[in-house]
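What follows is the residue order along each chain.
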Amino acid sequence: MGMTMTQKILAKHAGLDSVKAGDLIYCSLDLVMANDITAPPSIAAFKKVGRPVFDREKIVLVPDHFQPAKDIKSAGLAKIVRDFARKNGIVHYFEQGRVGIEHALLPEKGLVGPGMVTIGADSHTCTYGALGGFSTGVGSTDLGVAMATGEAWFKVPDAIRVVLTGTKPSDITGKDVILTLIGMIGVDGALYKSLEFTGPGVSSLSMADRFTIANMAIEAGGKNGIFPVDEKTKTYIEGRFTKPYDVVEADDDAHYEREVVIDLSSMKPVVSFPHLPENTKVVGTFGDIPIDQVVIGSCTNGRLEDLAIAARIFEGHKVHSRVRCIVIPATPAIYLAAMHAGYIDTFINAGCAVSTPTCGPCLGGYMGILASGERCVSTTNRNFIGRMGPTDSEIYLAGPQVAAASAVMGRIAAPREVE
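Below or above, wherever it landed, is the structure these notes cover.

Each helix and strand in the chain was counted, giving 13 helices and 18 strands. Since a compact globule built from 419 residues should have a radius of gyration of about 22 Å, the 20 Å found for the chain is in line with a globular shape. Its C-alpha atoms give the chain principal-axis dimensions of roughly 60 × 50 × 40 Å. Taken over 419 residues, the chain has a buried fraction of 60%. Across the chain, every contact between residues at least 6 apart in sequence was considered, and the portion connecting residues at least 24 apart equals 77%. When the 40 positive and 45 negative side-chain charges of the chain are each reduced to one mean point, those points stand 5 Å apart.

This is the structure in structure tokens:
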């Protein structure tokens, strides 16, 4: 029996010729990562092991969730991370002014690449599968042990093959693709499985699209999401990722639990209704839904391409008088590039608030908490009850084009209604 992309990567890092779904294995790790929420308990677990860090260049600490510190407690969490990084000489520690949202920052800095095994104490670590590596979220205890040993155990996942056909229309983004997929298979449709994206349609997806899709594999219950390495991947990592890397392809006889086919050319902009990402509906197939807030950013949709899409819609328009719109570039480099491209001017002139890079409102942290009964269209990745504030508030997930159009129209809207 052949192996999937994920299984091949895991087998190599376990020192095995082959693995199959259900096998329990130990793998060497190429990178481990934690943030300001998950690092403190990971550090506590690390200290119990009683060993030094396994490699100070393979540990990445990114205080991005409650930073800049929103209160005394969050300042204390950041100090734990800061002190640990300094004491142990952690090379890739990102302090304020240099920090970005972790899952945009690591690819941008060339810290993740094809063929790697990466774990992070954050569920959206699966983002890096867009580059053809295996990456997944783990608990803080596993992360703490990994910082000491450089190893982690895994149950080898089975896989779902997602075949993308056709060409992505101009008004469709990767967010529409992943929300459509989750709507098809459900939030537990890929439970502890690898989502492996293949097919001729992959070539029409930008790297920003792929990062978004891989990021939300966890919203379908997936262990990881992974894309093949093609010319777009190689162009993206050129000049960033300087280590030797493996390009892995699935065997022709690899086993997949099921196959799902999505025709990109037939897609229309979608939005996921509260309170699950699987509640996907095509924009325009429901009545008017007035909104109070829009958030454009996060590890899912805070990249330069996302900001460019939103800026094109905001150009010459204003945020609706009833709506608050918050724009959060995912990293300092993205912020600078957006500023030089004129996007920041466009956002501010339209009436948006533009933030320093931070996770902020995505997890109900700060800088955009909803009030009771309010509705938000957000480019973030989760719309669970109470995710962004009171339990009677509502979050509608969408791509940057739908989010920007909704901010202008004051209700959930398609970009064509503005453009």
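There is more to say after this.
With that settled, consider the sheet that holds strand β5 (residues 117-120). Here we have 5 strands laid out as an open sheet, ordered β4-β3-β2-β5-β6, and parallel in their pairing. Two strands close off the open sheet at either side, each with one partner strand: β4 (92-93) and β6 (134-137). Across 4 bridges, β5 lies against β6 in parallel orientation. Looking at β6, one finds that Thr-118 is bridged to Ser-135.

Attention now moves to the pairing of strand β3 (residues 59-62). Every other side chain in a regular strand lies on the same face of the sheet, so the side chains alternate between the two faces. Of the two faces of β3, the one holding Ile-59 and Leu-61 and the one holding Val-60 and Val-62 are both buried throughout. In this structure, strand β2 (residues 31-35) lies alongside β3, joined through 4 bridges in parallel fashion. Each residue of the ladder has a partner; that of Met-33, found in β3, is Val-60. Traced from β2 through helix α2 (residues 39-49) to β3, the parallel crossover comes out right-handed. As defined by bridge partners, β3 adjoins β4 across 2 bridges and the pair is classed as parallel. Note on β4: the bridge partner recorded for Val-60 is His-92.

This next bit is on the packing of aromatic side chains. Within this structure, the stated rule accounts for 8 aromatic pairs. Here the aromatic rings of Phe-273 and Tyr-396 are separated by 5.0 Å at their centres, their planes lie at 75°, and the arrangement is edge-to-face. On the criterion of sequence distance, the pair formed by Phe-273 in the loop between β12 (270-272) and β13 (280-282) and Tyr-396 in strand β18 (residues 394-398) is long-range, its members being 123 residues apart. With respect to class, Phe-273 is no different from Tyr-396; both count as buried. With a centroid separation of 6.0 Å and 90° between ring planes, the pair formed by Phe-314 and Phe-347 is classed as edge-to-face. Taken together, the positions of Phe-314 in helix α10 (residues 304-314) and Phe-347 in helix α12 (residues 343-350) put the pair 33 residues apart, joining distant regions of the chain. For Phe-347, a relative accessible area of 0% translates into the label buried. Here the aromatic cluster, defined as three or more aromatic residues joined through ring pairs, consists of Phe-273, Phe-286 and Tyr-396.

This next bit is on the side chain of Asp-36. Checked against the element boundaries, Asp-36 lands in the loop between β2 and α2. A distance of 2.9 Å separates the side chain of Asp-36 from the backbone nitrogen of Asp-64, its partner in a polar contact. Within polar-contact distance, the side chain of Asp-36 engages the backbone nitrogen of Phe-66 at 2.9 Å. Once you skip the residues sitting within four places of it in the chain, Asp-36 turns out to touch Val-62, Pro-63, Asp-64, His-65, Phe-66, Gln-67, Leu-77 and Val-81.

This brings us to helix α3 (residues 72-88). Since the α-helix advances by 3.6 residues per turn, residues separated by three or four positions end up pointing in the same direction. Along its 17 residues, α3 runs 25 Å from first to last C-alpha, staying within 8% of the 24 Å computed at 1.5 Å per residue. Contact partners of the buried residues in α3: β2, α2, β3, β4 and α5 (140-149). The N-cap of α3, judged by a side-chain oxygen 3.4 Å from the amide nitrogen of Lys-73 a few residues on, is Asp-71. Gly-89 sits one or two positions beyond α3 and adopts a positive phi of about 65°.

So, how was this worked out
- For every chain, the first residue of the written sequence is number 1, and numbering continues from 1 along that sequence.
- A pLDDT threshold of at least 70 governs which residues receive local features in this predicted model, and a stricter bar of 80 or more applies before side-chain atom pairs are shown or counted, although totals over entire chains, interfaces and linings include all residues.
- Hydrogens and water molecules were not included; the side-chain quantities draw on all heavy atoms of the structure.
- Per the convention used, a helix needs a DSSP run of H or I reaching at least four residues, while a strand needs a run of E reaching at least two, with both numbered from the N terminus.
- Based on C-alpha atoms, the radius of gyration is set beside the globule rule, defined as 2.2 Å times the residue count to the power 0.38.
- The rule is simple: take the accessible area with a 1.4 Å probe, protein chains only, and divide by the maximum for that residue type; under 20% is buried, over 50% is exposed, in between is partly exposed.
- In what follows, residue pairs with any heavy atoms lying within 4.5 Å of each other are defined as contacts.
- The charge count includes Lys and Arg as positive and Asp and Glu as negative, but it does not include His or the ends of the chains.
- The location of each charge is read from NZ of Lys, CZ of Arg, CG of Asp or CD of Glu.
- A pair of strands counts as paired when DSSP detects no fewer than two bridges linking them.
- If you view a crossover with the strands going away from you and the path from the first strand over the helix to the second runs clockwise, you call it right-handed.
- Two rings from Phe, Tyr or Trp (for Trp, the six-membered ring) form a pair when their centres are within 6.5 Å of each other. A pair whose planes differ by under 30 degrees is stacked, one over 60 is edge-to-face, and the rest are tilted.
- By the criterion applied in these results, polar contacts are pairs of N or O atoms within 3.5 Å in which, for protein atoms, one can donate a hydrogen and the other can accept it, and in which residues neighboring in sequence qualify only through two side-chain atoms.
- Here a helix's expected span is defined as the number of its residues, less one, multiplied by 1.5 Å.

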